[in-house]
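What follows is each chain in one-letter form.
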Amino acid sequence: MVLEGPRTMRQWEFDIPTILEDDALLKVEMTGVCGSDPGIYNGKAFKAPRPYPIIMGHEIIGHIEEIGEKFAARNGLQVGDRVIVEYAFGCGQCSSCLTGHYVTCDKHYNYGSMISCKNPPHLFGAYGAYVYLHPRAMVHKISPAISAEAGVLICAVLGNALRWLRHKGGISIGETVVILGPGQQGLAAVIIARQAGAGQIIVAGMSKDRRRLELARRYGAHHVVDVEKEDLSAVVRDITHGRMADVAMDVTGSAGGARALFDLVRQQGRIILPGLYGANKEIPIALDKIVTKELTVLGVFSQDMSSVIPAIRLAEEGLYPLEEMVTHRFPMAEAERAVQIAGGEFPEEDPIKVVLVP
Ligand SMILES: [Zn+2]
Ligand SMILES: [Zn+2]
């Protein structure tokens, strides 16, 4: 399914790419609709304008269909292996890539968002039957025992949360963590906070989030708060005996969520900002709060290899019913409707995670 321009998706047919010695072809088993996909679809995401036409889809699980000798040797893979693929693979040449930060590659070498499908090998997105695996694609073998629904959540949902809270946010044993927004990223954050030994995990949502808040509890949240009924700040103060949280993260995508964080953390607290609020949107905050409380504000974006590998191990342990996040499943041909639902265009659908199957 090809995004020809904002809000215009059509089915195209492509030739299967020719696989040489250092690349491979993936047969898609399932594709997750990322929380950022509706923004890409609407043409509003921060890297706009996109290089249309593009094939969306960067939460990828599938099987190796064809593989070059070098690619196979380097990744320890063979035809038939089940793998997940990271969103970013990087150009390998810019300073970000050369310092290991391929996620923030200057050239935006990513799946499903920033490479046009106009020219061969075309298939740089997983809203389709096959994906071209570039020589630098970050491919990880996973157990056939994991469900596709759990597998598709490993990189971009669990891997993101692991990087944001654990690697960047440094959450540790006994800490109090507040998570605003019980969507897929907030729910994965609960799992990671729990695994990291957080003492109190507080998840906040709205009345319409009841189902999500219940799942947050199942994943290990100690407290869930409906902010339409309770004063979150007062709840956090009460739980922490006035000290406030060590770490707070906003995954509501709303300005109000971001602004609330600064009052929820303690002196020297850490604030994690993974959400996108709008490319040119300015959100006023009293900067003195950061100064006088000596806060650390962490902008975080996407997963990387060092978070995906432990996320795979965690998923393989099977301690958490990850697949329960998946509320909607569509055939690939209905990708456009799936993205619209994920983007909240049909509120009655109330999705947590939407997935596509070929
Ligand atoms: Zn994504
Ligand atoms: Zn690069």
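Read on for an overview of the structure. (Residues numbered from 1 in each chain as written. Chains lettered and ligands numbered in written order. Predicted model: local features only at pLDDT ≥ 70, side-chain atom pairs only at ≥ 80, totals over all residues. Heavy atoms only, no water.)

### Side note on the overall build of the protein
Filter applied, for reference: In this text, helices come from DSSP runs of H or I with a minimum length of four residues, and strands from runs of E with a minimum of two, each type numbered from the N-terminal end. With C-alpha atoms as the basis for the radius of gyration, the globule rule is written as 2.2 Å multiplied by the number of residues raised to the power 0.38. Working definition: with a 1.4 Å probe on protein chains only, accessible area under 20% of the residue-type maximum means buried, over 50% means exposed, and in between means partly exposed.
On a plain count of helices and strands, the protein comes out with 12 helices and 16 strands. Whereas a compact globule of 358 residues would reach a radius of gyration of roughly 21 Å, the protein reaches 20 Å, a difference of no more than 12%. Principal axes of the C-alpha set define a box for the protein whose edges measure 60 × 40 × 40 Å. Here the protein holds 358 residues, and the buried ones make up 55% of them.

### Some words on the coordination of the zinc ion (ligand 2)
As a reminder, the rule being used: Coordination partners: N, O, S within 2.8 Å of the metal, 3.2 Å for Na, K and Ca; water not considered, so apparent gaps in a site are possible. Site shape is set this way: if four donors have all angles between 85 and 135 degrees, tetrahedral; if opposite donors are over 155 degrees apart and all others between 65 and 115, square planar for four donors and octahedral for six; otherwise irregular.
Here the zinc ion (ligand 2) is held by the protein donor atoms Cys91 (SG), Cys94 (SG), Cys97 (SG) and Cys105 (SG), which lie 2.3 to 2.4 Å from it. Each of the four donor atoms around the zinc ion (ligand 2) contributes to a set of angles spanning 105 to 116°, which defines the coordination as tetrahedral. Here the donor residues of the zinc ion (ligand 2) are spaced in sequence according to C-x2-C-x2-C-x7-C.

### Let's talk about the coordination of the zinc ion (ligand 1)
Surrounding the zinc ion (ligand 1) are the protein donor atoms Cys34 (SG) and His58 (NE2), at 2.0 to 2.1 Å. A residue pair is termed long-range when its members are at least 10 positions apart, and Cys34 in the loop between β3 (24–33) and α1 (37–42) and His58 in the loop between β4 (54–55) and β5 (59–67) qualify at 24 residues. Residue Cys34 shares its accessibility class with His58, and that shared class is buried.

### Describing the sheet that holds strand β13 (residues 265–273)
Counted only if it meets this: In this scheme, strands are said to pair when DSSP sees at least two bridges between them. To obtain an axis, a line is fitted to C-alpha atoms, over the contacting stretch when the element is a helix, and the angle between two such axes runs from 0 to 180 degrees between their N-to-C directions. The contact criterion used throughout is that any non-hydrogen atoms of two residues lie within 4.5 Å.
Read across the open sheet, the six strands follow the order β11-β10-β9-β12-β13-β14; overall the sheet is parallel. The sheet terminates laterally at β11 (223–226) and β14 (296–299), the two strands that pair on one side only. Looking at each pair of strands side by side, their axes are set apart by 15° on average, direction ignored. Sheet topology places strand β9 (residues 176–180) next to strand β10 (residues 200–205); five bridges connect them, and they run parallel. In the sheet register, Val177 faces β10, and the bridge partner there is Ile201. Relative to the sheet, helix α9 (residues 255–264) contacts β9, β12 (245–250), β13 and β14, its axis offset from that of β13 by approximately 155°.

### Let's talk about the packing of helix α5 (residues 154–168) against helix α6 (residues 184–195)
The criterion, for reference: Oblique is the label for any angle not covered by the other classes, which are roughly parallel (under 35 degrees), roughly antiparallel (over 145) and roughly perpendicular (65 to 115). Should the near helix be turned anticlockwise from the far one by less than a right angle, the crossing is termed left-handed; should it be turned clockwise, right-handed. Polar here means any residue outside two lists: the nonpolar Ala, Val, Leu, Ile, Met, Phe, Trp, Tyr, Cys and Pro, and the charged Asp, Glu, Lys and Arg; Gly therefore counts as polar.
At a minimum axis distance of 8 Å, the contact between α5 and α6 shows a crossing angle of 60°. Compared by their axis directions, α5 and α6 come out oblique. In this structure, α5 crosses over α6, and the sense of that crossing is right-handed. Counting all contacts with α5, which are made through Ala156, Val157, Leu158, Asn160, Ala161, Leu162, Trp164, Leu165 and Arg166, the residues of α6 involved are Gln184, Gln185, Ala188, Ala189, Ile191, Ile192 and Ala193. A class-by-class count of the residues in the contact of α5 with α6 yields 12 nonpolar, three polar and one charged.

### Side note on the side chain of Ser307
Assignment of secondary structure puts Ser307 in helix α11 (residues 305–317). Setting aside anything within four residues of it in sequence, one finds Ser307 in contact with Gly159, Leu162, Arg163 and His167.

### Topic: the pattern of salt bridges
Let me state the cut-off plainly: Only one rule defines a salt bridge in this text: a Lys or Arg side-chain nitrogen within 4 Å of an Asp or Glu carboxyl oxygen.
Enumeration according to the criterion identifies 21 salt bridges in this entry. Where Arg211 meets Asp350, a salt bridge forms, and the shortest distance between an N and an O atom there is 3.6 Å. With Arg211 in helix α7 (residues 210–218) and Asp350 in the loop between α12 (335–342) and β16 (353–357), this pair connects stretches of sequence that are 139 residues apart. By relative accessible area, Arg211 is classed as partly exposed at 40%. Among the salt bridges present, the one from Asp246 reaches Arg266, with a minimum N-O distance of 2.6 Å. Of this pair, Asp246 sits in strand β12 while Arg266 is found in strand β13, placing the two residues 20 residues apart along the sequence. Residue classification places Arg266 among the buried residues on the basis of a relative accessible area of 16%. In this structure, a network of salt bridges that share partners links the residues Lys208, Asp209, Arg211, Arg212 and Asp350.

### Considering the environment of Ala258
Among the structural elements, Ala258 can be located in helix α9. Ala258 gets classed as buried once you look at its relative accessible area, which sits at 7%. Each C-alpha atom of the pair Ala258 and Pro274 lies 10.0 Å from the other, and the pair is 16 residues apart in sequence. With sequence-adjacent residues up to four places away left out, Ala258 is seen in contact with Asp250, Leu273 and Tyr277.

### What to know about the packing of aromatic side chains
Selection criterion: Here is the rule: rings of Phe, Tyr and Trp (six-membered ring for Trp) pair when centre to centre is within 6.5 Å. Planes less than 30 degrees apart are stacked, more than 60 are edge-to-face, and the remainder are tilted. Two limits define a charge over a ring: the Lys NZ or Arg CZ must be within 6 Å of the ring centre, and within 35 degrees of the ring normal.
For the structure shown, the criterion picks out seven aromatic pairs. Ring plane angle 75° and centroid distance 5.5 Å describe the contact between Phe124 and Tyr132, whose orientation is recorded as edge-to-face. Judged by its relative accessible area of 9%, Phe124 falls in the buried class. Judged by its relative accessible area of 7%, Tyr132 falls in the buried class. Looking at Arg337, its charged tip hangs above the ring of Phe346, at a distance of 4.9 Å from the centre.

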